[in-house]
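Below are the chains, spelled out letter by letter.
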Amino acid sequence: DQQVKQNSPSLSVQEGRISILNCDYTNSMFDYFLWYKKYPAEGPTFLISISSIKDKNEDGRFTVFLNKSAKHLSLHIVPSQPGDSAVYFCAAISGAGSYQLTFGKGTKLSVIP
Amino acid sequence: DSGVTQTPKHLITATGQRVTLRCSPRSGDLSVYWYQQSLDQGLQFLIQYYNGEERAKGNILERFSAQQFPDLHSELNLSSLELGDSALYFCASSELAGESYNEQFFGPGTRLTVL
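All values derive from a computational prediction rather than experimental measurement.

Novice: Would you explain the interface of chain A and chain B in this entry?
Specialist: The figure often quoted for interface size is the accessible area lost as the parts come together. Of the residues lining the interface, 19 residues belong to chain A; the matching set on chain B comes to 22 residues. On inspection of chain A and its partner chain B, the count reaches 0 salt bridges. For the interface between chain A and chain B, the tally reads 2 residue pairs in polar contact (both at pLDDT 80 or more). Looking at the side of chain A that touches chain B, the elements that each hand over two or more residues are β4 (32-38) and β9 (86-93) of chain A.

Now the structure itself:
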């Protein structure tokens, strides 16, 4: 039972354009969401997060949008750069206590020069 | 470099065997998490330790166990290995495990292949 879903296994985008990565979740107890980026042979690296009390968080070229009613979040990368090519994981946390991350299966982003 | 180290990088073993994966957290981090990434399941939380004590359990099999030592390094023990245990095993560490989320820093992982 996949509580965090990334339905697009891969995405290709031209350099300079916008990349939009999507994520859906089913567990209404999730109250904190994160995006991690992973390069081959490395561990995931934290990118950006958003609390459930917000609907948008921005950090440079990266913006995460949260639509709680739709249980949907998205990561926008503008402008996309070749160095952004990686696997992006959406993750969620269900509140106080352990803070273990529940991950989606990831979306492989390829930014074409 | 996240500051989290994992050894070994690669491990090849046979079914039925037992292996130990080791993780050293970032300096000062008290909390250690273990995750398994298999081909079809993505990253799944296994277990968390905080300052030497088990804090939370996820989808960890009974054949698997872990511990965190006084120097805060952690070991994940996998026994009676099956082909399906082949996966990437990641360790992550964070400063605390308290009332709010602390960023988890991931190590490079150990790739386990069971033949």
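Now, onward.
Novice: Please explain unusual backbone geometry as it appears in this structure.
Specialist: For residues other than glycine, phi is negative in most cases, and the peptide bonds are mostly trans. Across the junction of Val78(A) and Pro79(A), the peptide omega takes the value -10 degrees, indicating a cis bond. Following the sequence through the fold, Pro79(A) ends up in the loop between β8 (72-77) and β9. Between Thr7(B) and the following residue, Pro8(B), the backbone shows a cis peptide bond with an omega angle of -10 degrees. Counting through the fold element by element, Pro8(B) comes out in the loop between β1 (5-7) and β2 (10-13).

Novice: I tried to follow the packing of aromatic side chains on my own but got confused; where do I start?
Specialist: Enumeration over the complete set of coordinates arrives at 15 aromatic pairs over all chains. Each ring, one from Phe30(A) and one from Phe33(A), has its centre 6.4 Å from the other, and the planes form 80 degrees; the classification is edge-to-face. Given the relative accessible area of 5%, Phe30(A) is considered buried. For Phe33(A), a relative accessible area of 1% corresponds to the buried category. Centroid distance Phe64(B) to Tyr89(B): 6.5 Å. Interplanar angle 70 degrees. Geometry classified as edge-to-face. Placement of the pair is Phe64(B) in strand β7 (residues 64-68) and Tyr89(B) in strand β9 (residues 87-94), with a sequence separation of 25 residues. For the pair Phe64(B) and Tyr89(B), one class covers both residues: buried. Among the aromatic residues, those joined into a cluster by ring pairs are Tyr36(A), Phe46(A), Phe89(A), Phe103(A), Tyr33(B), Tyr35(B), Phe45(B), Phe90(B) and Phe106(B). For Arg26(B), the ring lying beneath its charged end belongs to Phe105(B), and the centroid distance is 3.7 Å.

Calculation criteria
- Position numbers for residues start from 1 in each chain and track the written sequence from start to end.
- Numbering of ligands from 1 and lettering of chains from A proceed in the order in which they are written.
- A pLDDT threshold of at least 70 governs which residues receive local features in this predicted model, and a stricter bar of 80 or more applies before side-chain atom pairs are shown or counted, although totals over entire chains, interfaces and linings include all residues.
- Side-chain metrics in this entry use all non-hydrogen atoms of the structure; hydrogen atoms and water are not considered.
- Pairs of residues are marked as contacts when any of their non-hydrogen atoms sit within 4.5 Å.
- By definition here, a salt bridge exists when the distance from a side-chain nitrogen of Lys or Arg to a carboxyl oxygen of Asp or Glu is within 4 Å.
- In protein, a polar contact requires one atom able to donate a hydrogen and another able to accept it; more generally it is a pair of N or O atoms within 3.5 Å, and residues adjacent in sequence count only if both atoms are side-chain atoms.
- Counting from the N terminus, the helices are the DSSP runs of H or I reaching at least four residues and the strands are the DSSP runs of E reaching at least two.
- Centres within 6.5 Å make a pair out of two Phe, Tyr or Trp rings, where for Trp the six-membered ring is used; the pair is then stacked when the planes are under 30 degrees apart, edge-to-face when over 60, and tilted otherwise.
- Classification of residues uses two cut-offs on accessible area relative to the type maximum, computed with a 1.4 Å probe and protein chains only: under 20% is buried, over 50% is exposed, and between them is partly exposed.
- Here, a charge over a ring means that NZ of Lys or CZ of Arg falls within 6 Å of the ring centre while also lying within 35 degrees of the ring normal.

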